[in-house]
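As a plain string of letters, each chain reads:
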Amino acid sequence: MGAVYINEHPLVQHKITRLRDKTTGTNEFRSLVEEIAMLMGYEALRDLETEQVDVETPLEVTPSPVIAGRKLAIVPILRAGLGMVSGILALVPTAKVGHIGLYRDPDTHQPIEYYCKLPTPIEERMIVVTDPMLATGGSACDALKLIKDHGGKKIKFMCIIAAPEGLERLKQEHPDVQIYVGHLDRQLNDHAYILPGLGDAGDRIFGTR
Ligand code: PRP
Ligand code: URA
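These figures come from a predicted structure and were not determined experimentally. Each chain carries its own residue numbering, running from 1 in the direction its sequence is written. Each chain gets a letter, beginning with A, and each ligand a number, beginning with 1, in the order they are written. Two thresholds apply to this predicted model, a pLDDT of at least 70 for residue-level local features and 80 or more for giving and counting side-chain atom pairs, whereas whole-chain, interface and lining totals are computed over all residues. Side-chain descriptors were evaluated using all non-hydrogen atoms of the structure, hydrogens and water having been removed beforehand.

S.K.: I'd like a rundown of unusual backbone geometry, residues and numbers included.
M.R.: Cis geometry is adopted by the peptide bond preceding P121, which originates at T120 and carries an omega value of -10°. Residue P196 is bonded to the preceding L195 through a cis peptide linkage, with omega at 0°. Each helix is a run of DSSP H or I of at least 4 residues and each strand a run of E of at least 2, with the numbering of both proceeding from the N terminus. Tracing the sequence through the fold places P196 in the loop between β13 (194-195) and α6 (201-206). Phi is positive for H109, which is not a glycine, with a value near 65°. Counting through the fold element by element, H109 comes out in the loop between β6 (99-104) and β7 (111-117). One non-glycine residue, A192, lies in positive phi territory at about 60°.

Given below as structure tokens:
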């Protein structure tokens, strides 16, 4: 079974509290999503590949590691996952970025795919899939299947809020994927929204309704 990492860092938890607050406006919400992604990315990327280069210090030349940035692909699930990309790119500016477009049908809550463009070759890259919300898990599971169908192998999934139902489904359907969660919430409501949650992440990031 794939590993699940539930974040407990006070900085992340503080920022999630600000995200939950319904009076937090679009501008602050967007910045918080970016900052949380960066803090979570620091942990999630601890096994990122490095390569040795020679660096000349004021005293001598020494081999020293640098990030093999072209080995990383960030793949946001549109729309809301986009809000997390800049936070991870701030850590690894040379990462490639793919996009998967999915939206939930408002009645059935089933994800509907409308876009997929991934960096090639995808096989040899570490892939970090971002989406702030893991609710039923339908969108995340479909996105991961799509990436695997394109040849993706080493995949991590990063979300800010997860519902127990979605986390369980993701673990069952994609046991090979490492899952990073900012906070595990209580449950889904009848409309498959996360409780206590933060509302509609896409709408709050982009200022739509
Ligand atoms: C939200 C969210 C996830 C999905 C989670 O996207 O960003 O992608 O719902 O729900 P699930 O786990 O039940 O699939 P939404 O469909 O609202 O699209 P948007 O990001 O374009 O607003
Ligand atoms: N998508 C969201 O944006 N929020 C939820 O609570 C569930 C799905």
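Having seen the structure, we can now continue with the description.
S.K.: I'd like a description of a nonpolar patch on the surface, backed by residues and values.
M.R.: On the surface, Y103, I112, Y114 and Y115 cluster together into a nonpolar patch covering about 390 Å² of accessible area. Considering each element in turn, the nonpolar patch owes the most residues, three residues, to β7. On the secondary structure map, Y115 appears in strand β7. For each residue, the accessible area found with a 1.4 Å probe, counting protein chains only, is set against the maximum for its type, and the residue is called buried under 20%, exposed over 50%, and partly exposed in between. Accessibility expressed as a relative area gives 39% for Y115, which makes it partly exposed. Here a patch means residues that are over 30% exposed by relative accessible area and free of salt bridges, tied together within 9 Å if like-charged and within 5 Å if nonpolar (Val, Leu, Ile, Met, Phe, Trp, Tyr). Surface accessibility in these figures is a Shrake-Rupley result with a 1.4 Å probe; residues are shielded only by whichever protein chains are displayed. The working definition used for a salt bridge is a side-chain nitrogen of Lys or Arg within 4 Å of a carboxyl oxygen of Asp or Glu.

S.K.: How would you sum up the site of ligand 1? Please name residues and give values.
M.R.: Any residue with at least one heavy atom within 4 Å of a molecule or strand is counted as near it. Of all residues adjacent to ligand 1, which total 15 residues, the nearest are R104, D131, T136, G137 and S139. Think of a polar contact as two N or O atoms within 3.5 Å of one another; within protein, one of them needs to be a possible hydrogen donor and the other a possible acceptor, and neighboring residues in sequence only count if both atoms come from side chains. D131 places a side-chain nitrogen or oxygen 2.4 Å from an oxygen atom of ligand 1. Within the contact set of ligand 1, an oxygen atom lies 2.8 Å away from a backbone nitrogen or oxygen of G137. Elements with a minimum of two residues in the shell around ligand 1: β6, β9 (133-134) and α4 (138-149).

S.K.: Pulling in residues and values, what's your account of the pairing of β7?
M.R.: Relative to β7, β6 is paired through six bridges, and the arrangement is antiparallel. Paired with L102 across the bridge in β7 is E113. A pair of strands is treated as paired once DSSP finds two or more bridges between them. Hairpin connection of β6 to β7: six residues between the antiparallel strands, including H109 at a positive phi of 65°.

S.K.: Please set out the packing of aromatic side chains residue by residue, giving values where relevant.
M.R.: Two rings from Phe, Tyr or Trp (for Trp, the six-membered ring) form a pair when their centres are within 6.5 Å of each other. A pair whose planes differ by under 30 degrees is stacked, one over 60 is edge-to-face, and the rest are tilted. Counting across every chain of the model gives two aromatic pairs. Between the aromatic rings of Y5 and Y180, the centroid separation amounts to 4.7 Å while the plane-to-plane angle is 15°, which identifies the pairing as stacked. Here the residue Y5 occupies a position in strand β1 (residues 4-6), and Y180 occupies one in strand β11 (residues 178-184), the gap between them amounting to 175 residues. For Y180, a relative accessible area of 8% translates into the label buried. Plain terms: the ring middles of Y103 and Y114 are 6.1 Å apart, the flat faces sit at 40° to each other, and that makes the pair tilted. Taken together, the residues Y103 in strand β6 and Y114 in strand β7 connect sequence positions 11 residues apart. Residue Y114 is classed as partly exposed on the basis of its relative accessible area of 45%. A cation over a ring is seen here: R104 above Y193, with NZ or CZ 5.5 Å from the ring centre. Here, a charge over a ring means that NZ of Lys or CZ of Arg falls within 6 Å of the ring centre while also lying within 35 degrees of the ring normal.

S.K.: I'd like to hear about the site of ligand 2, residue by residue, with values.
M.R.: The local shell around ligand 2 consists of R104, M133, A135, A192, Y193, I194, G199, D200 and A201. I194 is positioned such that a nitrogen or oxygen atom in its backbone is 2.8 Å from an oxygen atom of ligand 2. Within the backbone of G199, one N or O atom sits 2.8 Å away from a nitrogen atom of ligand 2. For ligand 2, the accessible surface in isolation is 240 Å², of which the surrounding protein chains cover 89%. Under the scheme applied, nonpolar residues are Ala, Val, Leu, Ile, Met, Phe, Trp, Tyr, Cys and Pro; charged residues are Asp, Glu, Lys and Arg; polar residues are all the others, including Gly. Grouping the constituent residues of the shell around ligand 2 by class yields six nonpolar, one polar and two charged.

These values are about where atoms sit, not about what they do.
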